[in-house]
Amino acid sequence: MDETGFVMCGALVHSTDAEPLEIMQHKCIGVKEGKIVFIENEDALSEKIKEFGIPQTDITYLKKGQFLCPGFVDTHLHAPQYPNCGKGLDMGLLDWLQTYTFPTEAKFSDLKYADMVYRKAVRRVLRNGTTTGCYFATLHTDATLLLCDVIKVKKRNYPHITPIVTPRFALSCCQELMSKLGDLAKAYDLPIQTHICETRDEVRIVGETFPGCESYAAMVLAHGIYLSDNEIALIKARNSAISHCPNSNFSIRSGVLDLRRLEEARIKVGLGTDISGGYHPSMLNAIRTAVFVSNIHHIEAEHANYKALSVHEAFRLATLGGAKALGLDNRIGNFAVGKDFDALLIDPSADGSHVDVLPDDSFSDSDDRNILSIYVAGRKVIS
Ligand code: GUN
Ligand code: FE
């Protein structure tokens, strides 16, 4: 279908800097070689398909009530932990790592096991509408290359995969390793990801282990619940981002992140499922849980004007916010000419869910059954 391009006509729902949820009715979005080439009103369609040489037969009209939204960006998830989803709601991070996580990850020296798990994990993540994921793998090189193969079945040039330097967290690294990884990231101009200030115990032990360090926010990402003001200032100065993982933060009892504090400091924030600290790879679940976290701050706030996160703002974190957090907003995150067509076809009333749900409300109660088709860079990967 994408050789000559295609057009989809109907409602487009996405986020912009100005609006957390913009609904564009009766639009035609043209896609060629994986990229969005036009977004026009229906009266301009015949002229546009001529300009881009798109056949009439490759125009699809969405049914009433359906809409397209951008694919979700999961800014933090662990592919090898997929078998453990749902385990460990009964303990905190450090016990959870020892009991479930490290033993499971050790199994990835076995490529057959890795192949079986990674196929399932990637398929399930995709099926839940995540079209970009910032994955942790394991220390096993061959298994990690296999994960790349599973994500992108092509020759090993991986046009849609970026390597990321991954010191797991401060407690699994020494100073020398950290500084060498920093050199590597600089030399190859690579992003870095890690876990930071996730639990009170972890912050305390890191303080004892690295007594000379004022702060351990050299380069960041996941959690950031217990950041000091100095660390927040440093993260901002380095233009780093936080991956907010609300499901995980509740499941393994880490804490209640105050998103507004990060926003006030103008730090970039995306949402993450953090499977399997979080028990489910659904970003729709992450959207709702992020709202719950914010509602807790609202309930506990000493001043009456604490503004809780809206579902629309959480949707923006799950799409455009995540794209910015990963430095990919020139390519993905919302619908704009020149960006990849990473999109979900949503039917709010699919499979027995109630009728007459407007796009405004559909992220509050949808799940994967409402996602009819999934496109990555113009390719329909699930329908
Ligand atoms: N800190 C160090 N490793 C991990 C991990 O695998 N998951 C989470 N949530 N935190 C960590
Ligand atoms: Fe994690």
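This is a predicted model, so every value here is computed, not measured. (Residues numbered from 1 in each chain as written. Chains lettered and ligands numbered in written order. Predicted model: local features only at pLDDT ≥ 70, side-chain atom pairs only at ≥ 80, totals over all residues. Heavy atoms only, no water.)

Considerations on the overall build of the protein
Part 1 of the argument: In terms of helices and strands, the protein carries 12 helices and 14 strands.
Part 2 of the argument: Along the first, second and third principal axes, the C-alpha atoms of the protein reach 65 × 55 × 40 Å.
Part 3 of the argument: Pairs at least 24 apart in sequence give 71% of the contacts found in the protein among residues at least 6 apart.
Part 4 of the argument: Of the roughly 17900 Å² of accessible surface on the protein, 52% is carried by carbon and sulfur atoms.
Part 5 of the argument: With 40 positive and 48 negative side-chain charges, the protein shows a spacing of 5 Å between the two charge centroids. (Helix = DSSP H or I, 4+ residues; strand = E, 2+ residues; numbered from the N terminus. Contact = heavy atoms within 4.5 Å. Areas by Shrake-Rupley, 256 points an atom, 1.4 Å probe, with all protein chains shown as cover. Lys, Arg positive; Asp, Glu negative; His and termini not counted. Charge placed at Lys NZ, Arg CZ, Asp CG, Glu CD.)

Remarks on the coordination of the iron ion (ligand 2)
Part 1 of the argument: Listed as protein donors to the iron ion (ligand 2) are His76 (NE2), His78 (NE2), His195 (NE2) and Asp274 (OD); their distances from the metal cover 2.0 to 2.2 Å.
Part 2 of the argument: Of note is the iron ion (ligand 2), whose 4 donor atoms meet at the metal with angles of 88 to 174 degrees in an arrangement that counts as irregular.
Part 3 of the argument: By relative accessible area, His195 is classed as buried at 7%.
Part 4 of the argument: The exposure class assigned to Asp274 is buried, which follows from its relative accessible area of 3%. (Donors = N, O, S within 2.8 Å, 3.2 Å for Na, K, Ca; no water. Tetrahedral: all angles 85-135°; square planar, octahedral: opposite > 155°, others 65-115°. Buried < 20%, exposed > 50% of the residue type's maximum accessible area, 1.4 Å probe, protein only.)

A look at the site of ligand 1
Part 1 of the argument: All residues in the neighbourhood of ligand 1 are listed as His78, Gln81, Leu93, Trp96, Leu97, Arg168, Phe169, His195, Glu198, His223, Ile252 and Asp274.
Part 2 of the argument: Within the side chain of Arg168, one N or O atom sits 2.7 Å away from an oxygen atom of ligand 1.
Part 3 of the argument: Within the contact set of ligand 1, a nitrogen atom lies 2.7 Å away from a side-chain nitrogen or oxygen of Glu198.
Part 4 of the argument: Considered on its own, ligand 1 offers 280 Å² of accessible surface; in the complex 100% of this is hidden by protein.
Part 5 of the argument: At 3 residues, helix α2 (residues 93-106) tops the list of elements feeding residues into the shell around ligand 1.
Part 6 of the argument: Within the shell around ligand 1, the residues separate by chemical class into 5 nonpolar, 4 polar and 3 charged. (Near = heavy atom within 4 Å. Polar contact = N/O pair within 3.5 Å; in protein donor to acceptor, adjacent residues only side chain to side chain. Nonpolar A, V, L, I, M, F, W, Y, C, P; charged D, E, K, R; others polar.)

A word on the packing of helix α3 (residues 111-127) against helix α4 (residues 141-151)
Describing two packed helices takes the angle between their axes plus the distance from one axis to the other.
Part 1 of the argument: Where α3 meets α4, the closest approach of the two axes is 9 Å, and the angle between their N-to-C directions is 35 degrees. Of the two elements, α3 crosses α4, and the hand of that crossing is right-handed. Of α4, the residues touching α3 (which contributes Leu111, Ala114, Asp115, Tyr118, Arg119 and Val122) are Asp142, Ala143, Leu146, Leu147, Val150 and Ile151.
Part 2 of the argument: For the contact of α3 with α4, a count of residues per class yields 9 nonpolar, no polar and 3 charged. (Axes fitted to C-alpha atoms, helices over the stretch in contact; angles between N-to-C directions. Left-handed = near helix turned anticlockwise from the far one by under 90°.)

Points about the state of the cysteines
Part 1 of the argument: Scanning the entire structure with this criterion turns up 0 disulfides.
Part 2 of the argument: Lacking any disulfide linkage, Cys69 is separated from the closest cysteine sulfur, that of Cys9, by 17 Å.
Part 3 of the argument: For Cys69, a relative accessible area of 0% puts it in the buried group.
Part 4 of the argument: With no disulfide of its own, Cys148 lies closest to Cys134 among cysteine sulfurs, the gap being 12 Å.
Part 5 of the argument: By relative accessible area, Cys148 is classed as buried at 15%. (Disulfide = S-S within 2.5 Å.)

Some points on helix α1 (residues 45-52)
Because the α-helix completes a turn every 3.6 residues, residues three or four places apart line up on one side.
Part 1 of the argument: The complete set of buried residues in α1 reads Leu45, Lys48, Ile49 and Phe52. Summarising the axial view, the buried residues of α1 lie within an arc of 95 degrees, below the 170-degree limit, and thus occupy one face. What points out from α1, more than 90 degrees from its buried face, is the exposed set Glu47, Lys50 and Glu51.
Part 2 of the argument: Directly beyond the C-terminal end of α1, a positive phi value near 65 degrees is found at Gly53. (Arc of directions from axis to C-beta.)

Describing the packing of aromatic side chains
Part 1 of the argument: Going through the model one piece at a time under the given rule, you end up with 10 aromatic pairs.
Part 2 of the argument: Here Phe72 and Phe315 contribute two aromatic rings whose centre-to-centre distance is 6.5 Å and whose plane-to-plane angle is 80 degrees, an arrangement assigned as edge-to-face. With a gap of 243 residues between them, Phe72 in strand β6 (residues 72-78) and Phe315 in helix α11 (residues 311-325) connect regions that are remote in the sequence.
Part 3 of the argument: According to the relative accessible area criterion, Phe72 is buried, its value standing at 1%.
Part 4 of the argument: Residue classification places Phe315 among the buried residues on the basis of a relative accessible area of 0%.
Part 5 of the argument: Seen in terms of ring centroids, Phe108 and Tyr113 are 5.3 Å apart; in terms of plane orientation they differ by 75 degrees. Their pairing is edge-to-face.
Part 6 of the argument: In this structure Phe108 comes out as buried when scored by relative accessible area, which is 1%.
Part 7 of the argument: Given a relative accessible area of 17%, Tyr113 falls into the buried group.
Part 8 of the argument: Three or more aromatic residues joined by ring pairs make a cluster, and in this case those are Phe6, Phe335, Phe341 and Tyr375. (Phe/Tyr/Trp six-rings, centres within 6.5 Å; stacked < 30°, edge-to-face > 60°.)

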